[in-house]
Amino acid sequence: MAVFRIELPIENRGVLKEMRVGDTVYITGTVVTLRDLGHRRAVEMLKRGEKLPVDLRGLAVFHAGPIVRRVGEEWKIVSIGPTTSARMDIYVYDLVKLSGVALIVGKGGMGVNARRACREFGAVYVELVGGTAPLITKAIRGVEAVYWLDLGVPEAMWVLRVENLGPAIVTIDTEGRDLHEEVMSRAYEVVKSLV
Amino acid sequence: MSIELENIVQKAILEAIETAVTRVPRDVWNALNNAYQREQCERAKEVLRTMIESVRVAAKERIPLCQDTGLPVFYIEIGEQFPIKRRVLEIVKSCVRKATELGILRPNAVDPVTNRNSGDNTGRYVPITEVSIVDGDRLRVTYIPKGGGSEYVSRLYMVSPTRGFEELVKRVLEAVVDAGPKPCPPTIVAVGIGGTADIAEKVSRRLFVERRVGERHRDSRVGELEVKLLEKINSLGIGPAGLGGSVTALDLWIDYGYRHPATFAIAITFSCWALRRASIEVDRYGHIYRDPLDFWEPP
């Protein structure tokens, strides 16, 4: 299994095509958090032809909602980690298509729309381990900006500077191969034999 | 005295909240380490190692183990001779607000109609509280952060009462496989049986307070079923983080309440691997009681 260290915004998207499910990725650069209501708003805006507060082209969208503390004028990330990505599957195809985002970071797998988006637009879905916020938070170097605080702290769009965020495991690659789909199709077979 | 006692209770509950979100109970710590020993798959072992390391850093540096500190859920036992009974729920609410303000809890209470986040973890029916009156002069508060990822895959079934337990086995396996990687496996699966849907749910969720990992139901017939069903779940190959492996659940618990001749309600609730719970007791004189042995302490 290969290990990739990538910088965002990504300059050469070709490197994404080299990533295969099971590979490990460490991310340095800008990642943007976006979860449930944020996805809905982002996709609605993009469909109307409006610009998002941050151009996501070549960046990573991080399915996450942090715990934050305000220190003077600055925001401090107290704890951050991935949320269940499956809920964002209904928006992911349009988001990748219309925003040009390169990397999706989350946990717990996505679905048919993510596989299609990754295959058609050469994006990659990677996962961090849920419940490991203390380790993940160490990779956060700072908050560059925050938008959409009207959605509440967890669902706002946090623009974060990260260094060596990882290890993140590739579970959907640019061929649309899905590691979870393979694990789960075997699990469904076992269940069938048990009930 | 009552103002003083209120302050003590507030401090104690805040401590329980902080403990719950930054530490794991000892039974969960042991279960994770046992899972690491037993897991054969290399990738799965790596995932478990990351989880164990995360628990270590969270406890040492007092960082919330998961950024999702859940909807605040409290199980409250009020002793008959505890003086400020009427104030307890108000104090619990103020603690939740304070913990949110301090950045210990993430604001998670959202108005479903307007989608507005209240910002302080309070709102209609939040915090979630279950109160009972007990003997004695103590107040006991247990805090359970219930994360959204594991709640998203909850299941409730009303099955044919004559086939209750056959259905239970089938539904649990289906629920586990439908949940797949979403609730952060290895999970703890809690199954409640009851006559009404709400009691099945209540019984299922109470297990997270009452039971310890590895502890079997006092009725050995139910206990044996727990063991068998856990084995079946761990034969599915879903594994830690759902990336494949032999440890899909750390434990499975079943409990029941009596049913109606026509009903057999089954509630299936998941906890992520990071089951968090912390209890604290205060007596009428303001003495605080905690069980440090219940928590894994970093060396």
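For chain B, an unreviewed UniProt entry supplies the name Fumarate hydratase and the organism Ignisphaera aggregans. Entered under Sequence similarities (unreviewed entry) in the UniProt record, the comment concerning chain B runs "Belongs to the class-I fumarase family."

Of chain A, the UniProt comment under Sequence similarities (unreviewed entry) reads exactly: "Belongs to the class-I fumarase family."

### Examining the packing of helix H1 (residues 2–22) of chain B against helix H4 (residues 88–101) of chain B
Residue and element names in this part refer to chain B. The N-to-C vectors of H1 and H4 enclose an angle of 50°; their axes lie 9 Å apart at closest approach. Relative to H4, H1 is oriented oblique. Read as a crossing pair, H1 and H4 show a hand that is right-handed. Of the residues in H4, those in contact with Glu6, Val9, Gln10, Ile13, Leu14 and Ile17 of H1 are Ile91, Val92, Ser94, Cys95, Val96, Lys98 and Ala99. Grouping the constituent residues of the contact of H1 with H4 by class yields nine nonpolar, two polar and two charged.

### Digging into the UniProt feature "domain: Fe-S hydro-lyase tartrate dehydratase beta-type catalytic" (unreviewed entry) in chain A
Mapped onto the present numbering, the UniProt feature "domain: Fe-S hydro-lyase tartrate dehydratase beta-type catalytic" (unreviewed entry) falls on residues 6–182 of chain A. Overall, residues 6–182 of chain A shows 27% helix and 33% strand. The separation of its end C-alpha atoms is 26 Å.

### Re the pattern of salt bridges
All names here are of chain B. In this structure the tally under the stated criterion is 35 salt bridges over all chains. With a shortest N-O distance of 2.6 Å, Arg23 and Glu297 are connected by a salt bridge. Separated by 274 residues along the polypeptide, Arg23 in the loop between H1 and helix H2 (26–38) and Glu297 in the segment after strand E9 (288–289) bring together distant segments of the chain. In this structure, a network of salt bridges that share partners links the residues Lys146, Glu151, Glu201 and Arg205.

### Considerations on the sheet that holds strand E6 (residues 249–256) of chain B
Residues and elements named next belong to chain B. If you walk across this open sheet you meet the four strands as E4-E7-E5-E6, and the pairing is mixed. With one partner strand each, in any of the chains shown, strand E4 (155–158) and E6 form the two edges of the open sheet. For this sheet, the mean angle separating the axes of adjacent strands, direction not counted, is 15°. Judged from the seven bridges that link them, strand E5 (residues 187–194) and E6 form a sheet pairing that is parallel. Within E6, the position partnered with Ile188 by the bridge is Asp251.

### Details of the nonpolar core
Inside soluble globular proteins, nonpolar side chains tend to come together where they are buried. Ile6 and Ile27 of chain A together with Trp273 of chain B are the most contacted members of the largest nonpolar core, which has 102 residues in total. In terms of residue count, the dominant contributor to this core is strand E9 (residues 157–172) of chain A (10 residues). For this core, the domains that each give at least three residues are domain 1 (2–26 + 62–147 + 276–294) and domain 2 (149–271) of chain B. The contacts of Trp273 of chain B, once residues within four sequence positions are left out, are Gly130 and Gly131 of chain A together with Val28, Leu32, Met51, Val55, Leu65, Cys184, Pro185, Pro186, Thr187 and Leu250 of chain B.

### Re empty space enclosed by the protein
The rolling of a water-molecule-sized probe over the atoms marks out the regions of remaining empty space. Here the structure, examined in full by the defined rule, presents four cavities of 30 Å³ or more. When its volume is computed, the largest cavity comes out at roughly 170 Å³. Lining the largest cavity are 18 residues; nearest its centre among them are Lys107 of chain A together with Cys66, Asp68, Gly149 and Cys184 of chain B. Counting contributing residues per domain, the lining of the largest cavity is built from domain 1 (2–26 + 62–147 + 276–294) and domain 2 (149–271) of chain B, each supplying no fewer than three. The calculated volume of the second largest cavity comes to roughly 70 Å³. Lining the second largest cavity we find Ile144, Pro145, Lys146, Gly147, Ser150, Phe208, Ser271, Cys272, Ala274, Leu275 and Arg276 of chain B. Broken down by element, the residue count for the lining of the second largest cavity peaks at three residues, all from strand E3 (residues 138–146) of chain B. Taken together, the residues of the lining of the second largest cavity break down into six nonpolar, three polar and two charged. Structurally, the lining of the second largest cavity is a two-domain feature, drawing no fewer than three residues from each of domain 1 (2–26 + 62–147 + 276–294) and domain 2 (149–271) of chain B.

Cut-off values and rules
Residues numbered from 1 in each chain as written. Chains lettered and ligands numbered in written order. Predicted model: local features only at pLDDT ≥ 70, side-chain atom pairs only at ≥ 80, totals over all residues. Heavy atoms only, no water. UniProt positions renumbered as here; feature names shortened; annotations may be inferred. Axes fitted to C-alpha atoms, helices over the stretch in contact; angles between N-to-C directions. Helix = DSSP H or I, 4+ residues; strand = E, 2+ residues; numbered from the N terminus. Parallel < 35°, antiparallel > 145°, perpendicular 65-115°, else oblique. Left-handed = near helix turned anticlockwise from the far one by under 90°. Contact = heavy atoms within 4.5 Å. Nonpolar A, V, L, I, M, F, W, Y, C, P; charged D, E, K, R; others polar. Salt bridge = Lys/Arg side-chain N within 4 Å of Asp/Glu carboxyl O. Pairing = 2+ DSSP bridges. Core = buried A, V, L, I, M, F, W, Y, C linked by side-chain atoms within 4.5 Å. Buried < 20%, exposed > 50% of the residue type's maximum accessible area, 1.4 Å probe, protein only. Domains from an automatic or database assignment. 1 Å grid on protein atoms, 1.4 Å probe; cavity = no way out; pocket = protein on both sides within 12 Å on 5 of 7 lines; lining within 4 Å. Points joined across faces, edges and corners; volume = space filled by probe spheres on them.

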